[in-house]
Amino acid sequence: MSDRVELRQVSKVYEGVTVVETLDLSMKAGEFVVLLGPSGSGKTTLLNMIGGFAEPSAGQVLIDGMDVTDLPPAKRPTATVFQDYALFPHMSLANNVAFGLRMRQVPKADRLAKAAEMLKLVGLEGFGSRGVHQLSGGQRQRVALARAMAVEPKVLLLDEPLGALDLALRRQMQEELVRLQRRSGATFVHVTHDQEEAMSIADRIVVVNKGRIEDMGPPDRVYLRPASLFAAQFMGESNVIAGRVVECVGPDIKIETAFGAVVIAGDGTPGAAVHIALRPEQLMLTPVADSVGLGHGTVAEMSFQGTHCRCHCRIGNLDLILRAPVSAGLTPGRDVALYAARSDLVLLQR
Ligand code: ADP
Ligand code: MG
(Lines give C-alpha, C1' and ligand atoms only; values in the text may rest on other atoms or scores of the structure.)
(Ligands and ions follow the chains in the order given, each with its own letter.)
Protein backbone atom coordinates (compact mmCIF):
# COMPACT_ATOMS: atom_id res chain seq x y z
CA MET A 1 0.00 0.00 0.00
CA SER A 2 1.42 3.38 -0.93
CA ASP A 3 1.56 6.16 1.61
CA ARG A 4 -1.35 8.54 1.94
CA VAL A 5 0.77 11.40 3.30
CA GLU A 6 4.46 11.74 2.75
CA LEU A 7 6.71 14.52 4.00
CA ARG A 8 10.00 14.28 2.11
CA GLN A 9 13.03 16.10 3.47
CA VAL A 10 10.72 18.82 4.77
CA SER A 11 11.92 21.67 6.96
CA LYS A 12 10.57 25.02 8.10
CA VAL A 13 12.47 28.16 8.95
CA TYR A 14 10.74 31.24 10.37
CA GLU A 15 12.78 34.44 10.33
CA GLY A 16 16.09 32.59 10.38
CA VAL A 17 14.97 30.20 13.13
CA THR A 18 14.58 26.54 12.20
CA VAL A 19 11.34 25.31 13.79
CA VAL A 20 11.15 22.01 11.87
CA GLU A 21 14.43 20.27 11.13
CA THR A 22 14.75 18.37 7.86
CA LEU A 23 12.65 15.25 8.29
CA ASP A 24 10.81 12.45 6.52
CA LEU A 25 7.43 11.31 7.76
CA SER A 26 4.83 9.15 6.10
CA MET A 27 1.34 8.07 7.05
CA LYS A 28 -0.78 5.24 5.73
CA ALA A 29 -4.33 5.39 4.43
CA GLY A 30 -6.73 4.90 7.33
CA GLU A 31 -4.08 5.43 9.97
CA PHE A 32 -4.69 7.43 13.16
CA VAL A 33 -1.46 9.32 13.72
CA VAL A 34 -0.87 11.51 16.76
CA LEU A 35 1.82 14.18 16.82
CA LEU A 36 2.77 14.47 20.48
CA GLY A 37 5.11 17.09 21.87
CA PRO A 38 5.42 20.06 24.19
CA SER A 39 4.26 23.55 23.29
CA GLY A 40 6.49 25.13 20.65
CA SER A 41 7.91 21.82 19.40
CA GLY A 42 6.60 22.35 15.86
CA LYS A 43 3.42 20.22 15.85
CA THR A 44 1.14 22.89 14.39
CA THR A 45 3.77 23.80 11.82
CA LEU A 46 3.97 20.16 10.69
CA LEU A 47 0.19 19.94 10.48
CA ASN A 48 -0.03 23.22 8.58
CA MET A 49 2.50 22.04 6.04
CA ILE A 50 0.30 19.01 5.33
CA GLY A 51 -2.84 21.16 5.15
CA GLY A 52 -1.27 23.91 3.06
CA PHE A 53 -1.43 26.67 5.69
CA ALA A 54 2.37 26.81 5.98
CA GLU A 55 4.81 26.48 3.13
CA PRO A 56 7.83 24.24 3.72
CA SER A 57 11.16 26.06 3.47
CA ALA A 58 12.50 22.94 1.75
CA GLY A 59 11.20 19.53 0.77
CA GLN A 60 7.94 18.17 -0.57
CA VAL A 61 4.53 17.19 0.69
CA LEU A 62 2.87 14.33 -1.18
CA ILE A 63 -0.65 13.01 -0.82
CA ASP A 64 -1.39 9.69 -2.49
CA GLY A 65 1.86 10.09 -4.37
CA MET A 66 0.93 13.50 -5.79
CA ASP A 67 3.09 16.50 -5.01
CA VAL A 68 0.79 19.05 -3.30
CA THR A 69 3.57 21.30 -1.98
CA ASP A 70 2.42 24.23 -4.08
CA LEU A 71 -1.34 23.67 -3.77
CA PRO A 72 -3.50 25.92 -1.56
CA PRO A 73 -5.50 24.27 1.25
CA ALA A 74 -8.77 24.14 -0.69
CA LYS A 75 -7.13 22.22 -3.54
CA ARG A 76 -5.80 19.53 -1.23
CA PRO A 77 -7.79 16.44 -0.17
CA THR A 78 -7.38 17.58 3.42
CA ALA A 79 -9.54 19.31 6.00
CA THR A 80 -8.45 20.94 9.23
CA VAL A 81 -10.07 21.28 12.63
CA PHE A 82 -8.31 24.26 14.18
CA GLN A 83 -7.46 24.64 17.82
CA ASP A 84 -10.04 27.40 18.32
CA TYR A 85 -12.60 25.67 16.00
CA ALA A 86 -12.83 28.86 13.90
CA LEU A 87 -16.59 28.54 13.39
CA PHE A 88 -18.38 31.39 11.62
CA PRO A 89 -20.44 33.12 14.35
CA HIS A 90 -22.91 34.75 11.93
CA MET A 91 -23.82 31.50 10.16
CA SER A 92 -26.23 28.76 11.17
CA LEU A 93 -24.73 25.42 12.11
CA ALA A 94 -25.90 23.91 8.82
CA ASN A 95 -24.14 26.66 6.84
CA ASN A 96 -21.03 26.29 8.96
CA VAL A 97 -20.90 22.58 8.22
CA ALA A 98 -21.71 23.13 4.52
CA PHE A 99 -19.08 25.84 4.10
CA GLY A 100 -16.35 23.68 2.60
CA LEU A 101 -18.85 22.21 0.14
CA ARG A 102 -19.94 25.72 -0.91
CA MET A 103 -16.28 26.54 -1.57
CA ARG A 104 -16.22 23.44 -3.77
CA GLN A 105 -19.33 24.64 -5.64
CA VAL A 106 -21.56 21.80 -4.45
CA PRO A 107 -25.25 22.71 -5.17
CA LYS A 108 -27.17 24.08 -2.21
CA ALA A 109 -29.62 21.20 -1.73
CA ASP A 110 -26.80 18.64 -1.82
CA ARG A 111 -24.62 20.52 0.61
CA LEU A 112 -27.44 21.07 3.08
CA ALA A 113 -28.33 17.38 2.92
CA LYS A 114 -24.69 16.56 3.61
CA ALA A 115 -24.59 19.06 6.48
CA ALA A 116 -27.64 17.43 8.07
CA GLU A 117 -26.01 14.00 7.70
CA MET A 118 -22.76 15.24 9.27
CA LEU A 119 -24.55 16.94 12.18
CA LYS A 120 -26.32 13.64 12.81
CA LEU A 121 -22.99 11.82 12.71
CA VAL A 122 -21.62 14.01 15.52
CA GLY A 123 -24.77 13.74 17.63
CA LEU A 124 -26.31 17.10 16.71
CA GLU A 125 -29.24 15.93 14.59
CA GLY A 126 -31.77 18.68 14.03
CA PHE A 127 -29.43 21.46 15.21
CA GLY A 128 -28.85 22.84 11.69
CA SER A 129 -30.78 26.09 12.09
CA ARG A 130 -29.24 27.03 15.41
CA GLY A 131 -26.53 29.62 15.88
CA VAL A 132 -22.99 29.07 17.10
CA HIS A 133 -23.54 31.18 20.24
CA GLN A 134 -26.20 28.72 21.45
CA LEU A 135 -23.68 25.92 21.78
CA SER A 136 -21.52 24.57 24.58
CA GLY A 137 -17.79 24.05 24.04
CA GLY A 138 -18.26 20.37 23.35
CA GLN A 139 -21.00 21.07 20.81
CA ARG A 140 -18.83 23.64 19.03
CA GLN A 141 -16.10 21.05 18.83
CA ARG A 142 -18.53 18.63 17.20
CA VAL A 143 -19.65 21.22 14.66
CA ALA A 144 -16.02 21.93 13.73
CA LEU A 145 -15.53 18.21 13.27
CA ALA A 146 -18.71 17.88 11.18
CA ARG A 147 -17.59 20.79 9.01
CA ALA A 148 -14.22 19.20 8.37
CA MET A 149 -15.69 15.75 7.68
CA ALA A 150 -18.35 17.14 5.30
CA VAL A 151 -15.87 17.48 2.46
CA GLU A 152 -14.95 13.79 2.88
CA PRO A 153 -11.25 14.52 3.22
CA LYS A 154 -8.69 11.79 2.66
CA VAL A 155 -6.73 13.37 5.46
CA LEU A 156 -8.24 15.07 8.49
CA LEU A 157 -5.90 17.35 10.39
CA LEU A 158 -6.82 18.06 14.01
CA ASP A 159 -4.91 20.66 15.99
CA GLU A 160 -5.44 20.08 19.73
CA PRO A 161 -9.18 19.78 19.06
CA LEU A 162 -10.05 18.63 22.58
CA GLY A 163 -7.88 21.06 24.53
CA ALA A 164 -10.75 23.28 25.63
CA LEU A 165 -12.97 20.48 26.91
CA ASP A 166 -13.25 19.17 30.45
CA LEU A 167 -11.86 15.74 31.23
CA ALA A 168 -15.07 13.70 30.98
CA LEU A 169 -16.06 15.27 27.68
CA ARG A 170 -12.51 14.91 26.39
CA ARG A 171 -12.56 11.17 27.08
CA GLN A 172 -15.92 10.82 25.37
CA MET A 173 -14.75 12.80 22.33
CA GLN A 174 -11.57 10.72 22.12
CA GLU A 175 -13.66 7.59 21.77
CA GLU A 176 -15.91 9.30 19.24
CA LEU A 177 -12.95 10.45 17.19
CA VAL A 178 -11.63 6.91 16.97
CA ARG A 179 -15.06 5.63 15.92
CA LEU A 180 -15.40 8.37 13.32
CA GLN A 181 -11.94 7.65 11.99
CA ARG A 182 -12.63 3.92 11.66
CA ARG A 183 -15.94 4.55 9.93
CA SER A 184 -14.62 7.16 7.50
CA GLY A 185 -11.39 5.36 6.65
CA ALA A 186 -9.66 8.75 6.45
CA THR A 187 -6.16 9.27 7.76
CA PHE A 188 -6.38 11.34 10.93
CA VAL A 189 -3.42 13.44 12.01
CA HIS A 190 -4.12 14.64 15.52
CA VAL A 191 -1.94 17.07 17.44
CA THR A 192 -1.80 17.03 21.22
CA HIS A 193 0.57 17.67 24.11
CA ASP A 194 -1.38 15.19 26.26
CA GLN A 195 0.35 11.82 26.37
CA GLU A 196 -2.66 9.97 27.78
CA GLU A 197 -4.80 11.28 24.96
CA ALA A 198 -2.13 10.24 22.46
CA MET A 199 -1.94 6.72 23.84
CA SER A 200 -5.67 6.21 23.96
CA ILE A 201 -6.39 7.16 20.34
CA ALA A 202 -3.28 6.63 18.22
CA ASP A 203 -2.35 3.80 15.92
CA ARG A 204 1.03 5.48 15.84
CA ILE A 205 2.53 8.22 17.97
CA VAL A 206 5.13 10.60 16.58
CA VAL A 207 6.99 12.23 19.47
CA VAL A 208 8.14 15.70 18.41
CA ASN A 209 10.68 17.85 20.24
CA LYS A 210 12.37 21.02 19.02
CA GLY A 211 11.30 20.40 15.45
CA ARG A 212 12.67 16.87 15.41
CA ILE A 213 11.11 13.43 15.58
CA GLU A 214 12.35 11.84 18.82
CA ASP A 215 10.48 8.58 18.47
CA MET A 216 7.71 7.07 16.41
CA GLY A 217 5.71 3.88 16.79
CA PRO A 218 2.63 2.20 18.27
CA PRO A 219 1.73 3.61 21.72
CA ASP A 220 2.76 0.50 23.65
CA ARG A 221 6.16 0.34 22.01
CA VAL A 222 6.86 4.05 22.53
CA TYR A 223 5.73 3.81 26.15
CA LEU A 224 7.52 0.58 27.04
CA ARG A 225 10.65 0.91 24.90
CA PRO A 226 11.15 4.64 24.28
CA ALA A 227 13.95 5.47 21.85
CA SER A 228 15.29 8.53 23.64
CA LEU A 229 15.50 10.22 27.01
CA PHE A 230 13.03 12.85 25.85
CA ALA A 231 10.52 10.25 24.66
CA ALA A 232 10.84 8.33 27.94
CA GLN A 233 10.14 11.44 29.99
CA PHE A 234 7.45 12.97 27.82
CA MET A 235 5.43 9.76 27.40
CA GLY A 236 4.41 9.61 31.03
CA GLU A 237 6.46 9.38 34.15
CA SER A 238 9.76 7.56 34.05
CA ASN A 239 12.60 6.86 36.44
CA VAL A 240 15.79 7.76 34.65
CA ILE A 241 19.05 6.51 36.06
CA ALA A 242 22.39 7.73 34.74
CA GLY A 243 25.02 5.15 33.89
CA ARG A 244 28.21 4.45 32.02
CA VAL A 245 28.91 1.59 29.64
CA VAL A 246 31.48 -0.84 31.05
CA GLU A 247 31.59 -3.47 28.32
CA CYS A 248 29.53 -5.33 25.77
CA VAL A 249 28.79 -8.94 26.60
CA GLY A 250 27.36 -10.63 23.50
CA PRO A 251 23.89 -9.14 22.87
CA ASP A 252 23.99 -7.50 26.30
CA ILE A 253 25.73 -4.56 27.80
CA LYS A 254 27.13 -4.01 31.28
CA ILE A 255 26.37 -0.61 32.76
CA GLU A 256 27.72 0.95 35.94
CA THR A 257 25.07 2.89 37.84
CA ALA A 258 24.49 4.37 41.28
CA PHE A 259 22.88 1.07 42.33
CA GLY A 260 25.72 -1.06 41.01
CA ALA A 261 26.54 -2.77 37.74
CA VAL A 262 23.69 -4.17 35.69
CA VAL A 263 23.64 -6.27 32.54
CA ILE A 264 20.78 -5.55 30.14
CA ALA A 265 20.04 -5.99 26.44
CA GLY A 266 21.69 -3.52 24.07
CA ASP A 267 25.03 -2.42 22.80
CA GLY A 268 27.22 0.65 23.06
CA THR A 269 30.73 2.00 23.35
CA PRO A 270 32.64 1.35 26.58
CA GLY A 271 32.90 4.58 28.54
CA ALA A 272 29.80 6.16 26.93
CA ALA A 273 27.32 7.96 29.19
CA VAL A 274 23.84 6.42 28.91
CA HIS A 275 20.57 6.34 30.84
CA ILE A 276 18.36 3.54 31.99
CA ALA A 277 14.61 4.17 32.07
CA LEU A 278 12.08 2.37 34.21
CA ARG A 279 8.36 3.11 34.61
CA PRO A 280 7.05 3.68 38.17
CA GLU A 281 4.69 0.70 37.83
CA GLN A 282 7.64 -1.53 36.92
CA LEU A 283 9.43 -0.93 40.21
CA MET A 284 8.68 -3.82 42.55
CA LEU A 285 8.86 -4.43 46.27
CA THR A 286 9.64 -8.13 45.83
CA PRO A 287 11.95 -9.87 43.36
CA VAL A 288 10.68 -11.95 40.44
CA ALA A 289 12.53 -14.32 38.13
CA ASP A 290 15.48 -12.54 36.51
CA SER A 291 15.04 -9.31 38.42
CA VAL A 292 17.66 -6.77 39.34
CA GLY A 293 17.97 -5.47 42.88
CA LEU A 294 18.12 -1.70 43.00
CA GLY A 295 18.99 -1.62 46.68
CA HIS A 296 17.37 -0.62 49.94
CA GLY A 297 15.79 2.75 50.41
CA THR A 298 13.25 4.75 52.31
CA VAL A 299 9.78 5.90 51.38
CA ALA A 300 10.13 9.68 51.45
CA GLU A 301 6.75 10.95 50.30
CA MET A 302 3.61 9.31 49.15
CA SER A 303 0.19 10.19 47.87
CA PHE A 304 -2.95 8.12 47.65
CA GLN A 305 -4.22 7.99 44.06
CA GLY A 306 -7.23 5.73 44.45
CA THR A 307 -6.06 2.84 42.27
CA HIS A 308 -2.53 2.94 43.68
CA CYS A 309 -0.12 4.92 45.83
CA ARG A 310 2.55 7.06 44.23
CA CYS A 311 5.70 7.07 46.34
CA HIS A 312 9.07 8.73 46.19
CA CYS A 313 11.72 6.28 47.37
CA ARG A 314 15.21 7.43 48.21
CA ILE A 315 18.07 5.03 47.58
CA GLY A 316 21.27 6.94 48.33
CA ASN A 317 21.14 9.91 45.95
CA LEU A 318 18.53 8.30 43.73
CA ASP A 319 14.93 9.43 43.95
CA LEU A 320 12.74 6.76 42.39
CA ILE A 321 9.02 7.00 41.81
CA LEU A 322 7.10 3.87 42.65
CA ARG A 323 3.50 3.03 41.88
CA ALA A 324 2.64 0.68 44.71
CA PRO A 325 -0.60 -1.19 45.28
CA VAL A 326 -2.68 0.37 48.06
CA SER A 327 -2.58 -3.06 49.73
CA ALA A 328 1.21 -2.76 50.18
CA GLY A 329 0.37 -0.35 53.00
CA LEU A 330 3.46 1.80 52.53
CA THR A 331 3.97 4.78 54.81
CA PRO A 332 6.60 7.53 54.80
CA GLY A 333 9.77 6.48 56.59
CA ARG A 334 9.32 2.79 55.76
CA ASP A 335 12.39 0.90 54.55
CA VAL A 336 11.87 -0.87 51.25
CA ALA A 337 13.91 -3.03 48.92
CA LEU A 338 13.29 -2.29 45.27
CA TYR A 339 13.53 -4.58 42.28
CA ALA A 340 12.87 -4.45 38.56
CA ALA A 341 12.58 -7.17 35.96
CA ARG A 342 15.76 -7.00 33.89
CA SER A 343 13.67 -6.91 30.69
CA ASP A 344 11.87 -3.76 31.90
CA LEU A 345 15.08 -1.73 32.11
CA VAL A 346 15.37 0.30 28.92
CA LEU A 347 18.75 1.44 27.70
CA LEU A 348 18.66 5.02 26.35
CA GLN A 349 21.61 5.99 24.20
CA ARG A 350 20.41 9.51 23.41
P1 ADP B 1 3.43 23.68 18.63
O2 ADP B 1 2.21 23.55 17.79
O3 ADP B 1 4.14 22.38 18.86
O4 ADP B 1 3.18 24.39 19.93
P5 ADP B 1 4.32 25.50 16.57
O6 ADP B 1 4.45 24.67 15.34
O7 ADP B 1 3.11 26.36 16.67
O8 ADP B 1 4.49 24.57 17.85
O9 ADP B 1 5.58 26.45 16.68
C10 ADP B 1 6.90 25.98 16.60
C11 ADP B 1 7.84 27.17 16.69
O12 ADP B 1 7.67 28.00 15.55
C13 ADP B 1 7.58 28.05 17.90
O14 ADP B 1 8.81 28.48 18.41
C15 ADP B 1 6.80 29.21 17.32
O16 ADP B 1 7.03 30.37 18.05
C17 ADP B 1 7.36 29.31 15.91
N18 ADP B 1 6.36 29.82 14.95
C19 ADP B 1 5.19 29.22 14.63
N20 ADP B 1 4.52 29.92 13.71
C21 ADP B 1 5.28 31.01 13.42
C22 ADP B 1 5.15 32.15 12.54
N23 ADP B 1 4.08 32.28 11.74
N24 ADP B 1 6.15 33.04 12.53
C25 ADP B 1 7.24 32.91 13.32
N26 ADP B 1 7.42 31.88 14.17
C27 ADP B 1 6.47 30.94 14.23
MG1 MG C 1 0.28 24.13 18.22
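Residues numbered from 1 in each chain as written. Chains lettered and ligands numbered in written order. Predicted model: local features only at pLDDT ≥ 70, side-chain atom pairs only at ≥ 80, totals over all residues. Heavy atoms only, no water.

1. Examining the overall build of the protein chain
Looking only at helices and strands, one finds 8 helices and 19 strands in the protein chain. Expressed as lengths along the three principal axes of its C-alpha atoms, the size of the protein chain is roughly 75 × 45 × 40 Å. Out of the 350 residues in the protein chain, the part that is buried amounts to 48%. Taking all contacts inside the protein chain whose residues are at least 6 apart in sequence as the whole, residues at least 24 apart take part in 64%. Taken as a whole, the protein chain presents about 16100 Å² of accessible surface, with 51% of it coming from carbon and sulfur. Where the 37 positive side-chain charges of the protein chain centre and where its 38 negative ones centre are 6 Å apart. (Helix = DSSP H or I, 4+ residues; strand = E, 2+ residues; numbered from the N terminus. Buried < 20%, exposed > 50% of the residue type's maximum accessible area, 1.4 Å probe, protein only. Contact = heavy atoms within 4.5 Å. Areas by Shrake-Rupley, 256 points an atom, 1.4 Å probe, with all protein chains shown as cover. Lys, Arg positive; Asp, Glu negative; His and termini not counted. Charge placed at Lys NZ, Arg CZ, Asp CG, Glu CD.)

2. Looking at the pairing of strand β17 (residues 318-324)
A regular strand carries its side chains on alternate faces of the sheet. Taken across its 7 residues, β17 has 5 buried, putting it largely inside the fold. Note: strand β16 (residues 309-315) against β17, 7 bridges, orientation antiparallel. What sits directly across from I315, in β17, is L318. Adjacent in sequence and paired antiparallel, β16 and β17 are bridged by 2 residues, among which G316 carries a positive phi angle near 55°. (Pairing = 2+ DSSP bridges.)

3. A few points about the environment of L119
Considering the arrangement of structural elements, one finds L119 in helix α3 (residues 108-121). Taking the C-alpha atoms as reference, L119 lies 8.5 Å from L93; in sequence the two are 26 residues apart. Apart from the residues lying within four places of it in its own chain, the contact partners of L119 are L93, A94, V97, L124, E125, F127, G128, V143 and A146.

4. Some words on helix α5 (residues 167-184)
Look at α5: 25 Å from first C-alpha to last across 18 residues, which is about the 26 Å you get at 1.5 Å a residue. Along α5, the residues that are buried comprise R170, M173, Q174, L177, V178, L180 and Q181. Here the buried residues of α5 occupy an arc of 165° about the axis, which is enough to place them on one side. Structural note: α5 exposes A168 and R183 on the side pointing more than 90 degrees away from its buried face. Buried-residue contacts for α5 involve β3 (32-36), α3, α4 (137-150), β7 (155-159), β8 (187-192) and α6 (195-201). Once α5 finishes, G185 follows within two positions and takes phi at roughly 75°, a positive value. (Expected span 1.5 Å × (residues − 1). Arc of directions from axis to C-beta.)

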